[in-house]
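Remarks on the overall topology
What follows is each chain in one-letter form.
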Amino acid sequence: MTRIAAILPAAGLGTRMGEHTPKQFLELDGMPLVIFTLRRLAACAEISEFLIATLAEEKDALEKRIAQEKLGRPVRVVVGGGTRQESVGKALAAVGDDVEIVLVHDAVRPLVTRDQTERAIAAAREHGAAIVGIPALDTVKEVKRTSVPGDVALITATIPRERIVLAQTPQVFRAKLLRDAYELAARDDFNASDEAGLVERLGHDVYVVAGSARNLKVTRPGDMELARFYLEQERKNT
């Protein structure tokens, strides 16, 4: 059976939330977001183990909280870095050589479904690299920033919406491919906002499977209210 490791980067400070508590520890349905998300991912029985990269000062407390979970699979907590890329890299370094597929999922994207996870894994098995994403619905403009005033930008092009996908997670890769991508990025001192961006630099195709607007990333204060609403609607429909 293919061994799959799931990495959850959870070391952000969440400054855009305007909260003293890092967003991954804000509560949804009576539990920290990172725990809620962990449980949702664990609904996928194909995942063999979990690694959570978190803040150094939160590591002990998170390990104690995770010890209360009964997932039937190992969950390890590692100290993350100053960026998402560093955090995933530190967790990736702790993944065993026997792992064939690595899945990365935002700890603050709590409403991921088992179906989305399984389809992303299946696509990565076939193609080597796959992410969850959704089509852009709004018109997308390319801009350059102007100097005065600071909140004004100048449009330089309109990008056809059919060419745009909004990337989500999970992002799933063959383990060697992701390791190669991280090694190249380290060598070139290159940073990307997601793992797919690193793999793309290798010239490897990355496939997109359909996601959902409900698979939102909690980034701003209103996102928590939206997550609670979506969760309530989900439960009404089950």
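This is a predicted model, so every value here is computed, not measured. (Residues numbered from 1 in each chain as written. Predicted model: local features only at pLDDT ≥ 70, side-chain atom pairs only at ≥ 80, totals over all residues. Heavy atoms only, no water.)

A count of helical and extended segments in the protein chain gives seven helices and 11 strands. Rg of the C-alpha trace for the protein chain: 18 Å, near the compact-globule value of 18 Å for 238 residues, within the 12% margin. Across its three principal axes, the protein chain shows a C-alpha extent of roughly 55 × 40 × 40 Å. Relative to its 238 residues, the protein chain shows a buried fraction of 46%. Sequence-distant contacts, at least 24 apart, represent 73% of the contacts inside the protein chain between residues at least 6 apart. Charge separation in the protein chain, taken as the distance between the mean sites of 33 positive and 34 negative side-chain charges, equals 2 Å. (Helix = DSSP H or I, 4+ residues; strand = E, 2+ residues; numbered from the N terminus. Rg over C-alpha atoms; globule rule 2.2 N^0.38 Å. Buried < 20%, exposed > 50% of the residue type's maximum accessible area, 1.4 Å probe, protein only. Contact = heavy atoms within 4.5 Å. Lys, Arg positive; Asp, Glu negative; His and termini not counted. Charge placed at Lys NZ, Arg CZ, Asp CG, Glu CD.)

Let us look at the nonpolar core. Grouped together as the largest cluster of nonpolar side chains are 43 residues, with contacts concentrated most on Val 34, Leu 41, Ile 47, Phe 50, Ile 52 and Leu 62. Put simply, the parts of the chain that give this core at least two residues each are strand S1 (4–10), helix H1 (33–42), strand S4 (49–54), helix H2 (59–66), strand S6 (101–104), helix H4 (114–127), strand S7 (129–135) and helix H7 (221–236). Examining the composition of this core, we find that seven residues originate from one element, H1, more than from any other. In contact with Phe 50, other than residues within four places in its own chain, are Ala 6, Leu 8, Leu 38, Leu 41, Ala 42, Arg 73, Pro 74, Val 75 and Arg 76. The next biggest cluster of nonpolar side chains, apart from the first, holds 25 residues, and it includes Leu 51, Val 95, Ala 192 and Leu 198. (Core = buried A, V, L, I, M, F, W, Y, C linked by side-chain atoms within 4.5 Å.)

On to the packing of aromatic side chains, then. The tally for this structure, following the rule as stated, stands at one aromatic pair. The interplanar angle of 50° and the centroid separation of 6.1 Å between the aromatic rings of Phe 229 and Tyr 230 together place this pair among those described as tilted. Among the residues examined, Phe 229 registers a relative accessible area of 44% and is labelled partly exposed. Take Tyr 230: its relative accessible area is 15%, and that puts it in the buried class. For the cation-ring pair, Arg 201 lies above Phe 190, with the distance from its terminal atom to the ring centre recorded as 4.1 Å. (Phe/Tyr/Trp six-rings, centres within 6.5 Å; stacked < 30°, edge-to-face > 60°. Lys NZ or Arg CZ within 6 Å of the ring centre and 35° of its normal.)

Let us now look at the sheet that holds strand S11 (residues 207–210). Sheets are built from strands paired through backbone hydrogen bonds, the pairs being either parallel or antiparallel. Here seven strands make up an open sheet; going across it, the order is S5-S4-S1-S6-S10-S7-S11 and the pairing mixed. Of all strands in the sheet, those with a lone pairing partner are strand S5 (75–79) and S11, marking the two edges. Neighbour to neighbour, the strand axes of the sheet diverge by 25° on average, direction disregarded. Pairing geometry for S1 and S4, over six bridges, is parallel. Bridging from a neighbouring strand, Ala 5 pairs with Glu 49 of S4. Along the sheet, helix H3 (residues 84–93) makes contact with S1, S4, S5, S6 and strand S10 (165–174), crossing S1 at roughly 145°. (Pairing = 2+ DSSP bridges. Axes fitted to C-alpha atoms, helices over the stretch in contact; angles between N-to-C directions.)

What follows covers H1. Among the 10 residues in H1, nine count as buried, and that is most of the element. Regarding H1, the residues found buried are Leu 33, Val 34, Ile 35, Phe 36, Thr 37, Leu 38, Arg 40, Leu 41 and Ala 42.

Moving on to helix H5 (residues 175–188). Helix length check: H5, at 14 residues, gives a terminal C-alpha distance of 20 Å against a target of 20 Å (1.5 Å per residue), a fit within 8%. Looking at the buried side of H5, the elements it contacts are H3, S6, S7, S10 and helix H6 (195–200). Looking one or two places after H5, you find Asp 189, whose phi comes out positive at around 55°. (Expected span 1.5 Å × (residues − 1).)

With that settled, consider the pattern of salt bridges. Taken as a whole and judged by the stated rule, the model has 17 salt bridges. Taking the shortest distance from any N to any O, the salt bridge between Asp 188 and Arg 201 comes out at 2.9 Å. Taken together, the positions of Asp 188 in helix H5 and Arg 201 in the loop between H6 and S11 put the pair 13 residues apart, joining distant regions of the chain. Judged by its relative accessible area of 39%, Asp 188 is partly exposed. Residue classification places Arg 201 among the partly exposed positions, given a relative accessible area of 33%. Among the ionic contacts, a cluster of salt bridges with common partners joins Arg 3, Glu 49, Arg 76 and Asp 98. (Salt bridge = Lys/Arg side-chain N within 4 Å of Asp/Glu carboxyl O.)

Now for the layout of surface pockets. Counted as a void, the second largest pocket has a volume near 260 Å³. In terms of residue count, S10 provides more of the lining of the second largest pocket than any other element does, three residues in total. Of the residues that constitute the lining of the second largest pocket, the class distribution is five nonpolar, two polar and four charged. (1 Å grid on protein atoms, 1.4 Å probe; cavity = no way out; pocket = protein on both sides within 12 Å on 5 of 7 lines; lining within 4 Å. Points joined across faces, edges and corners; volume = space filled by probe spheres on them. Nonpolar A, V, L, I, M, F, W, Y, C, P; charged D, E, K, R; others polar.)

For the rest of this paragraph, the subject is the side chain of Gln 116. Mapping Gln 116 onto the fold places it in helix H4. Not counting residues up to four positions away in its chain, the partners in contact with Gln 116 are Val 132, Ala 210, Gly 211, Ser 212 and Asn 215.

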